Structure formats: structure tokens, C-alpha cells
Amino acid sequence: FSLGQNYPNPFNGQTNIEFTLERASNIVVRIYSNTGQHVRTLVNAYLAAGRYTLVWDGRDDNGYKAASGNFHYQLEVGKYSKTRQLTLLK
């Protein structure tokens, strides 16, 4: 699998996160604060092989706007994971 860099980055409003699965898999994509606190789960599902784009609107799981700063997004596919950094500006 592959995990692309979000765009735009830095962002204000929303950003796109692209990833590709080589085969159908259970996947989880989560956003974490720079201190490692869970902010949002974007997807937790079984997906077919293919290319996907998720949109993060800068909100947490409760719908509140996250503060400006650096965040990490992580794609978990089975026992493997990849993480990248993004920046939210207001």
C-alpha cells in the first residue's frame, strides 16, 4: 500500500489525503495531534483494492474545529502502518 502527502499542505478549511491499496484490506485512517492525542478517525472499513482520496475538514470526532498546528495522519493496513505530517492554519 502507499500513503501520499496531503494537499494542500499547509491547509485552511480542508485537505485531501490519498492512499492506494494493492489488495482488499481492513484499513484505518486516523488523525493525531502533534502530542499523539487521537483527533479523528476518517475511515475504519474493509476496502477493495484501488486508489482512494479522503477529505479532512479540520474537525475532531465530535465535530469541533481543531486548533492550528501540526498533526499526523496514519494509515493502518493489517499489522503495517505509515504516517505523514500535515499542518492546519487558521
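Our subject is the structure that appears above.
Structural notes, computed from the coordinates. (Residues numbered from 1 in each chain as written. Predicted model: local features only at pLDDT ≥ 70, side-chain atom pairs only at ≥ 80, totals over all residues. Heavy atoms only, no water.)

### Brief notes about the sheet that holds strand β7 (residues 80–88)
Reading across from one edge, β4-β3-β6-β7 is the order of the four strands in this open sheet, with antiparallel pairing throughout. Of all strands in the sheet, those with a lone pairing partner are β4 (38–47) and β7, marking the two edges. The sheet shows a mean angle of 15° between the axes of neighbouring strands, direction not considered. The pairing of strand β3 (residues 25–33) with β4 spans eight bridges and is classified as antiparallel. Bridge assignment links R30 to a residue of β4, and that residue is T41. (Pairing = 2+ DSSP bridges. Helix = DSSP H or I, 4+ residues; strand = E, 2+ residues; numbered from the N terminus. Axes fitted to C-alpha atoms, helices over the stretch in contact; angles between N-to-C directions.)

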